[in-house]
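# Remarks on the overall topology
Below are the chains, spelled out letter by letter.
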Amino acid sequence: MSWQKIRSYTRVVALSFEMALRQNVADAFILFTIIVQPLIITILALLMLRDQGENYAIFVVIGSGMTGLWSSMLFISGNSINLERWTGTLESLVGSPTPIQVVVFGKSLANVLQSLFSMLGSYILVSLIFGFPIKILQPGLFIIAVIFTIISFVCFGLIMASLFVVNPDLQRWQNGLEFPIYILCGFLFPIAILPSWTTPLSYLLAPYWAAQALHGSSNGSMTIGDLSLALGMMAFFSFTYLALSGRLFRVMLRKARVDATLGMQ
Amino acid sequence: MNMIEINNLRRVYKATIGTLRRKTKEVVAVDDISFNVSAGELFGLLGPNGAGKTTVVKMLTTLLIPTSGTARIMGADVEKEAEKIRPKIGFIFGGERGLYWRLSAQDNLRYFASLYHVDPNVSKKRIEYLLELVGLEDRSKEKVEGYSRGMKQRLHIARALIHDPEVLFLDEPTIGLDPVGARKLREVIRNLQSEQKTILLTTHYMFEADALCQRIAVIDHGNIVALDTPEALKKLVKDLSVIEVEVFGVPEELFGRLREQPFVDNVAVENREQTQVLMVQTPRGSEAVPDLIALLDGVRIGKVTSREPTLEDAYVRLVGGET
Ligand SMILES: Nc1ncnc2c1ncn2[C@@H]1O[C@H](COP(=O)(O)OP(=O)(O)O)[C@@H](O)[C@H]1O
Ligand SMILES: [Mg+2]
């Protein structure tokens, strides 16, 4: 890739990011997904996990923050392609010289970063309003874990968007994917309480490793070895998603041009 | 040089019908179309709704893959070399959709400038120039959702021009506009031509094609039924005259009966407020009036006039009365 192309694509990512944020702040559904719903989950979790020992407050903050991250990924990034289809802009995007994954990357980045506000909101609620002491015990490792989490979620967003390019009906599956992932990935409960046959399934999901890394580094229970494993898995999945999404987009866009699904009938 | 070259282009859609027992039905949207457009030409694709105009434009703008046949834009194949074509063309599909309504006109243009890799130093001036060109400079900071339909459609034109493309596709740019808005937009299109752009315009208004285009292809049911200059198309009907009969409610079957008459070449009907006007094309001129009146026995008749044929009549003759 030429230097000039990298510069143009960086600009597209920056502008897609900016425009996504500008549009999202006016969207009540999005505000609900990233702020209100995680706060409700925070309160429920606080009540349910009350007798889990002293570190449970931070566990709740991270866990409910992650539910916001996942839901916004699932609904906002997934729907963004459908939304473009409905507003008629998908054709304008595909017909431009920029590969659409560059646009999706910028939009997903905006979605993931804005959904970190879920964690912030949950933190404010738990610590300032309910008055629980919250301390991140391994702040350095925690920040690394956050960065890896962002990257792996953005890459996952690419896969989801590519599937939506070709199949608008995918939306029906979205609701069904929301809570199972909360549970399988151990956002709010350790997966040890699940039946053992689901464990391999959890290992295959990048959000599981993100939850491990975030929970572990924040409550100080994590060794460098555990963290390396979790970060390594996230890096591996991110790379796989990235490589896969390039191919998927190529195949899906061609199929959409054959099946006439870029526009709306 | 030919900027657009189309050979035996065809596109079939598979449509699913029925919800319980799903069946697929094939719709031939574009049957067999060939034509060329040369550099700097403003070429019109004229046809009634459903004729296949949008499908042609979508194939030419790399958004749909042809079922068979080939199309080349500046020498590049629309199916296999889409990446070469996309930076060089601009396109709009008529109507209000296709813009980000929650953003301002300026932000829309800024965004598309980045998608088309327009240098940020250039794009600032370009955006200013385009906003002025389409007459939106005063309201460019407002959100698009508050714009009138005409303003949105003019913003589309600015969007399509952001990277100064060599070939422009305008699919029914004036659809749904009031006469004033449509006239303003045609003015913009006419100005583009002085910039030496190659333009393919589609419309279902004959007078629009006549006013703007150097050559017109008339398309119906996915095929080209005539391709010529507006003047030459008018000659198609020069030996006919048109008798207009004002009527108050005509039964459907009368059209068929009229068309069967040996002295009648074609019949179109135009609905006005209280009345309908039958436009009967005939080689016999006003001599045919008495026979015509006799056929309309039992129908309330108003004014009857005879006139020279127009381009509109040529169009009616080519695609039948269903304009
Ligand atoms: N995506 C689609 N699936 C099935 N049929 C379609 C689709 N798009 C258009 N058609 C059909 O193809 C024909 C031509 O449509 P179109 O190209 O939109 O015509 P025009 O632009 O001249 O009005 C019409 O019969 C229309 O119903
Ligand atoms: Mg159309």
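Counting restarts for each chain: residues are numbered from 1 in the order of the written sequence. Chains and ligands are labelled by the order in which they are written, letters from A for the one and numbers from 1 for the other. In keeping with the predicted nature of the model, local features appear solely for residues at pLDDT of at least 70, side-chain atom pairs appear and are counted solely at 80 or more, and the whole-chain, interface and lining totals rest on all residues. Processing note: side-chain calculations cover all non-hydrogen atoms of the structure and skip hydrogens and water entirely.

Bringing the site of ligand 1 into the picture now. Near, as used in this document, describes a residue that has one of its heavy atoms within 4 Å of the molecule or strand being considered. Taken together, 13 residues form the shell around ligand 1, and within it B:G50, B:G52, B:K53, B:T54 and B:T55 come nearest. Nearby residues place ligand 1 at the junction of chains A and B. In protein, a polar contact means a hydrogen-donor-capable atom and an acceptor-capable atom, both N or O and within 3.5 Å, with residues adjacent in sequence counting only if both atoms are side-chain atoms; elsewhere, any N or O pair within 3.5 Å suffices. One of the side-chain N or O atoms of B:T54 is found 2.6 Å from an oxygen atom in ligand 1. In the environment of ligand 1, an oxygen atom lies 2.5 Å from a nitrogen or oxygen atom belonging to the side chain of B:T55. The set of elements that each furnish at least two residues to the shell around ligand 1 consists of β2 (23–38) and α1 (53–60) of chain B. Strands here are runs of E lasting at least two residues and helices are runs of H or I lasting at least four, both read from the DSSP assignment and numbered beginning at the N terminus.

Before going further, it helps to examine the confidence of the model for chain B. Atomic detail in the predicted coordinates should be set aside for any region of low pLDDT. The pLDDT score gives, residue by residue, the confidence of the prediction method on a 0 to 100 scale. Averaged over all residues, the pLDDT of chain B is 90; the fraction at 70 or higher stands at 99%. Reported for the predicted complex are a pTM of 0.86 and an ipTM of 0.86.

Centre-to-centre distance and the angle between the planes together describe a pair of aromatic rings. All names here are of chain A. Only Phe, Tyr and Trp rings are paired, with Trp represented by its six-membered ring, and only when their centres lie within 6.5 Å; those with planes under 30 degrees apart are stacked, over 60 edge-to-face, the remainder tilted. Here the structure, examined in full by the defined rule, presents 15 aromatic pairs over all chains. Centroid distance W70 to F156: 5.5 Å. Interplanar angle 40 degrees. Geometry classified as tilted. Of this pair, W70 sits in helix α3 (residues 56–87) while F156 sits in helix α6 (residues 139–166), and the two are 86 residues apart along the sequence. A relative accessible area of 3% places W70 in the buried class. Residue class for F156 comes out partly exposed when judged on its relative accessible area of 21%. Relative to W209, the ring of Y208 has its centre 4.9 Å away and its plane inclined at 75 degrees; by these criteria the two rings are edge-to-face. Buried residues are those whose accessible area, probed at 1.4 Å on protein chains only, stays under 20% of the maximum for their type, while exposed residues exceed 50% and partly exposed ones sit between those limits. You can call W209 buried: its relative accessible area is 8%.

On to the side chain of B:H163, then. Residue and element names in this part refer to chain B. Take H163: it is sitting in the loop between α5 (149–160) and β7 (167–171). Within the structure, the side chain of H163 is placed 2.7 Å from the backbone oxygen of I89, a separation counted as a polar contact. Residues count as neighbours in contact if any of their non-hydrogen atoms are within 4.5 Å of one another. If we skip the residues at most four places from it in the chain, H163 touches R86, P87, I89, G90, Y116 and V118.

Computed from the structure, the second largest pocket encloses a volume of approximately 1000 Å³. A 1.4 Å probe that fits into a set of points on a 1 Å grid over the protein atoms alone but cannot get out defines a cavity; an open set with protein on both sides within 12 Å along at least five of seven lines defines a pocket, and lining residues are those with an atom within 4 Å of a point. Surrounding the second largest pocket, 37 residues form its lining, A:K5, A:Y9, A:P97, A:T98 and A:P99 being those nearest its centre. When residues of the lining of the second largest pocket are traced back to their parent elements, those giving at least two are α1 (3–24), α4 (89–94), α5 (100–129) and α10 (224–259) of chain A together with α2 (82–85) of chain B. For the lining of the second largest pocket, the leading source of residues is α1(A), giving 9 residues. Here the lining of the second largest pocket is composed, by residue class, of 17 nonpolar, 9 polar and 11 charged. Grid points are joined across faces, edges and corners, and a volume is the space filled by probe spheres set on the points. Three categories are distinguished: nonpolar for Ala, Val, Leu, Ile, Met, Phe, Trp, Tyr, Cys and Pro, charged for Asp, Glu, Lys and Arg, and polar for the others, with Gly belonging to the last.

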